[in-house]
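What follows is each chain in one-letter form.
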Amino acid sequence: MPEQQVNEVTAGVWELVDRFENPAAKYGPLPIWWWSGEKVTRQRLRWQMEQMVSQGVSQAVVMNLAPTGPLYGALADDPPFMSEGWWEIFLGACADAAELGFMLWLYDQIGFSGANIQGGIVAAHAEFAGEAIEQLRVKAHGEAASVSAPVGSRPIGGWFAPEDGSPSIRVALDGLCAGWAGDTAGELVICFAQQRGFDYFSAAASAALIDVVFGEYRRRCGDWFGRSIGGFFQDELPNMPTWSYDFAEAFEGEKGFDILTHLPALWGDPLFVDANVDEGRVRVEYHRMRAELAERSFFDPLADWYERAGLQCGFDQQTPAREGDPVGAVSIYGDYLETHSRFGIPGSDHWGDSKVHSSLAHAGGHERVWIEAFHSSGWGGTLEETYDWLSPYLRRGATLYDPHAVYYSTRGGWWEWAPPSTCWRQPYWPDYHVFARAVTRLCSLLTVGTHVASTVLLFPTETVQSSLTADGRDLRGPGRDESYHQLNGSTAWFAERPGLLEAAGIDYDILGHSSLAGSRVEQGQLVVGNERFVNVVLPAVTMLSAHVAVALVEFAAQGGRVVCVGGAPDTFVGDAGEDLKVANAFAEGVAVGRILEVDDPADVAALLQAPAVVVSADAPLLHRRHGDTHVVTLIAHDENSGTKHPMLAGFERHYVDGGGDFDWSTYWSTLHDDGYEFVPAGDRPVSVTATGVGDVEVQRWDPRTGLRSAVPFRRDGHDSIRIDTDFRDGSIAVLVIGPTLIAP
């Protein structure tokens, strides 16, 4: 190897070694710190920071659980959130944090919160209230019928939907009332707008919200940004509106047709006879418009604010969007992956899916992926169990561990719904620094380099948008995203279920049309960001963005593998005149066998191509690459060891297909009465095969101690090595494979 190349390789390895042996504190645990339950004082806050620092925790998210009054079993916060007394204590905490080498993160209080910030803004500015589009309908059986919109609502349109499925018939409105006197059986519908929530479609309303929260932080404590204030956390942002006073005008200006003359499509009714746009296309453009308005008015300005402030924001949004459920993602946010693409630290809690959010980070060039865990797991979890619980989220791409939680006090609050408190209240606290240091090393190491995956699992946004009504009903019926869920599985802590791809040892990213918009095809590989894929899987996708379809046709023509589960898409959304051209090209790819179709998701894995470098093992793994050096993270969390999954029987499908009520009573009684089974990894053996890595060395890096050691291996064929090792380091083992490693 030429000397310059050797130096470049060695520099990359030195970076890995430094990340592992000397990880920055920012990669350590970042617990949510509840300033609730008792009167908060600066002296006690400093003492608690000192306790955390002593055990390897150098940062925390400041959260007020009951900011404006008693809430969730907690007494009202004292002092109240953002009162002068609160600011005095907070600024004192900033000074103490700077002295202690501690970083405070800020809980923005605009999602899961009792602060009611948006409500206060609307009370002062009624024009900033959001709107929802709704409908009422009555059945008519050949006799006169009428239906009225609620008093205070704003009527938008009316129609009669014949029972025989023929085109809907326009009905004139008389104030709040729609009437029908025909002799045809069917349903009479009136559509109207009602005030609901906050208007995230309004640039003025969103600017006011950003100023009230983030602007106030800048005014009060902006000097501490980057010094003792590290960033923000957003928790369960409310639903985006489904309408606004100027929605129809903006829609026509951007989409090229009048949404008011196509209203029946938003409720699954046949269009009027003179409609010139397909029903599915109407619904796609409607949900896209929701996402676009929210993005330009709220999400983008907020991202711009973070950039100007030099801060990042992590998030855990509402269920079932955080689980990566396609229906829930569209229903709540219009286009979840698009609206959340600029957050610096995408993520979820341990009920969500780290794979969806790490994919979002990979495509957007973001380093970190948030995992808030493990609220509502009880008081008895040990550090060994917590390390095991964390491992599948790290394997699916999480790199910032946010323990839920550290409580300022439990004296004045009832915390049984969200234990534990991972702090000095636990018997394991004197040893917590060992756990914290291991997490810090892992999260530092796993943020350098590039994720290695062979496959893209397409997130079926357009397919869902085309079938989802304005009130969130999926016209396809239940189970239509089953192939996606089967391929991806579930990582919900209590209902973990490996997907078909994972079970076959295939790693992948979940990407949507926005992430693929900037992709390119090179030598049969689909390049997205720094990643290169040789396969794309479309799970029951019936409608696809034209630009994605064009890329996939070219990808397949160059030798990439495209597999369509349940049939190929037959509708493509693009500019006028583009749809038919793309449809023909895609159909040709299917006809000549370049694009494959299968009925059963279980048949997908066997059809996928292997990349140039393949690492496999008899335990779950994550493969990352930094130059020519491969970092292989193995976890002892499967059917052989770790916490048995699913942990709680009967909860496996708690939010699949876009909804469902969570049974908290059964959850707690099952966890209490039945518990869970944990099998320590012990000295469990594990065998690893690496193909295509060339002439290499292998080392084992122990996350607990930071020690590195050489590992013997044997050649297994022309270009393959086999490594036989074990989990002596705990439930997470790290192997580093490369041509020029630094001696231990």
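What counts, and where the lines are drawn
Residues numbered from 1 in each chain as written. Predicted model: local features only at pLDDT ≥ 70, side-chain atom pairs only at ≥ 80, totals over all residues. Heavy atoms only, no water. Helix = DSSP H or I, 4+ residues; strand = E, 2+ residues; numbered from the N terminus. Rg over C-alpha atoms; globule rule 2.2 N^0.38 Å. Buried < 20%, exposed > 50% of the residue type's maximum accessible area, 1.4 Å probe, protein only. Contact = heavy atoms within 4.5 Å. Areas by Shrake-Rupley, 256 points an atom, 1.4 Å probe, with all protein chains shown as cover. Salt bridge = Lys/Arg side-chain N within 4 Å of Asp/Glu carboxyl O. Axes fitted to C-alpha atoms, helices over the stretch in contact; angles between N-to-C directions. Parallel < 35°, antiparallel > 145°, perpendicular 65-115°, else oblique. Left-handed = near helix turned anticlockwise from the far one by under 90°. Nonpolar A, V, L, I, M, F, W, Y, C, P; charged D, E, K, R; others polar. Patch = residues over 30% accessible without salt bridge, like charges linked within 9 Å, V, L, I, M, F, W, Y side chains within 5 Å. Lys, Arg positive; Asp, Glu negative; His and termini not counted. Charge placed at Lys NZ, Arg CZ, Asp CG, Glu CD. Pairing = 2+ DSSP bridges.

Draft legend 1. Layout of the overall build of the chain. Each helix and strand counted, the chain has 19 helices and 39 strands in total. By the compact-globule yardstick of 27 Å for 744 residues, the chain fits well, its C-alpha radius of gyration being 27 Å. Going through the 744 residues of the chain one by one, you find that 59% of them count as buried. Contacts in the chain between residues at least 24 apart in sequence constitute 77% of all its contacts with a sequence separation of at least 6. For the chain, the accessible area works out to roughly 27,400 Å², and carbon and sulfur atoms hold 50% of it.

Draft legend 2. Layout of the pattern of salt bridges. With the rule as written, the count across this model stands at 50 salt bridges. Residue arginine 281 is joined to glutamate 285 by a salt bridge in which the shortest nitrogen-to-oxygen separation is 2.8 Å. Of this pair, arginine 281 and glutamate 285 both sit in helix H7 (residues 279-309), four residues apart, roughly one helical turn. Residue classification places arginine 281 among the partly exposed residues on the basis of a relative accessible area of 22%. When its relative accessible area of 6% is taken as the criterion, glutamate 285 is described as buried. With its nearest N and O atoms 3.1 Å apart, the salt bridge here joins arginine 722 to aspartate 724. Exposure remark for aspartate 724: the relative accessible area of 40% places this residue in the partly exposed category. Beyond isolated ion pairs, a larger network of salt bridges with shared partners links Arg700, Asp702, Arg704, Asp726, Arg728 and Asp729.

Draft legend 3. Up close: the packing of helix H3 (residues 84-100) against helix H5 (residues 203-221). For the pair H3 and H5, the least separation of the axes is 11 Å and the interaxial angle reads 60 degrees. If you check the angle between H3 and H5, you find them oblique. Considering how the two elements wind past one another, H3 and H5 form a crossing that is right-handed. Residues Glu84, Trp86, Trp87, Phe90 and Leu91 of H3 lie in contact with H5, whose contacting residues are Glu216, Tyr217, Arg220 and Cys221. For the contact of H3 with H5, the per-class residue count stands at six nonpolar, no polar and three charged.

Draft legend 4. Structural detail: a negative patch on the surface. On the surface, Glu597, Asp599, Asp600 and Asp603 cluster together into a patch of negative charge. Its place among the elements puts glutamate 597 in strand S28 (residues 595-598).

Draft legend 5. Examining unusual backbone geometry more closely. For the peptide bond that leads from histidine 404 to alanine 405, omega is 10 degrees, which places it in the cis range. Take alanine 405: it is sitting in strand S15 (residues 400-407). The omega torsion of the bond from proline 419 to proline 420 falls at 20 degrees, within 30 degrees of zero and hence cis. Structurally, proline 420 is set in the loop between S15 and helix H12 (432-445). Phi is positive for glutamate 236, close to 60 degrees, though the residue is something other than glycine. Following the sequence through the fold, glutamate 236 ends up in the loop between strand S11 (229-235) and helix H6 (247-255).

Draft legend 6. Representation of the pairing of strand S30 (residues 621-626) within the structure. Burial runs high along S30: five of the six residues are buried. Looking at chain direction, S30 and strand S31 (residues 629-635) are connected through six bridges and run antiparallel. In the sheet register, arginine 625 faces S31, and the bridge partner there is histidine 630. The turn joining S30 and S31, which pair antiparallel and follow one another in sequence, is formed by two residues; a positive phi near 65 degrees is taken by glycine 627.

Draft legend 7. A look at the sheet that holds S11. Strand order in the open sheet formed by eight strands is S12-S11-S3-S2-S1-S15-S14-S13, and the pairing between neighbours is parallel. With partners counted over all chains shown, the strands left at the sheet margins are strand S12 (312-316) and strand S13 (347-349), one partner each. On average, adjacent strands in this sheet sit at an angle of 25 degrees to one another, irrespective of strand direction. Bridge count for strand S14 (residues 370-373) against S15 is four bridges, and the pairing is parallel. Residue glutamate 372 lies in a different strand from S15, and its bridge partner there is aspartate 402. Relative to the sheet, H3 contacts strand S3 (103-107) and S11, its axis offset from that of S3 by approximately 145 degrees. Seen against the sheet, helix H10 (residues 354-364) touches S12, S13 and S14 and runs at an angle of roughly 160 degrees to S13.

Draft legend 8. Representation of the packing of helix H2 (residues 42-54) against H3 in the model. Packing of H2 against H3 brings their axes to within 10 Å, and their N-to-C directions diverge by 30 degrees. On the basis of the axis angle, H2 is roughly parallel to H3. Classified by chirality, the crossing of H3 by H2 is right-handed. Across from Arg42, Leu45, Arg46, Met49, Glu50 and Val53 in H2, the residues of H3 making contact are Ile89, Gly92, Ala93, Ala95, Asp96, Ala97, Glu99 and Leu100. Tallied by class, residues from the contact of H2 with H3 come to eight nonpolar, one polar and five charged.

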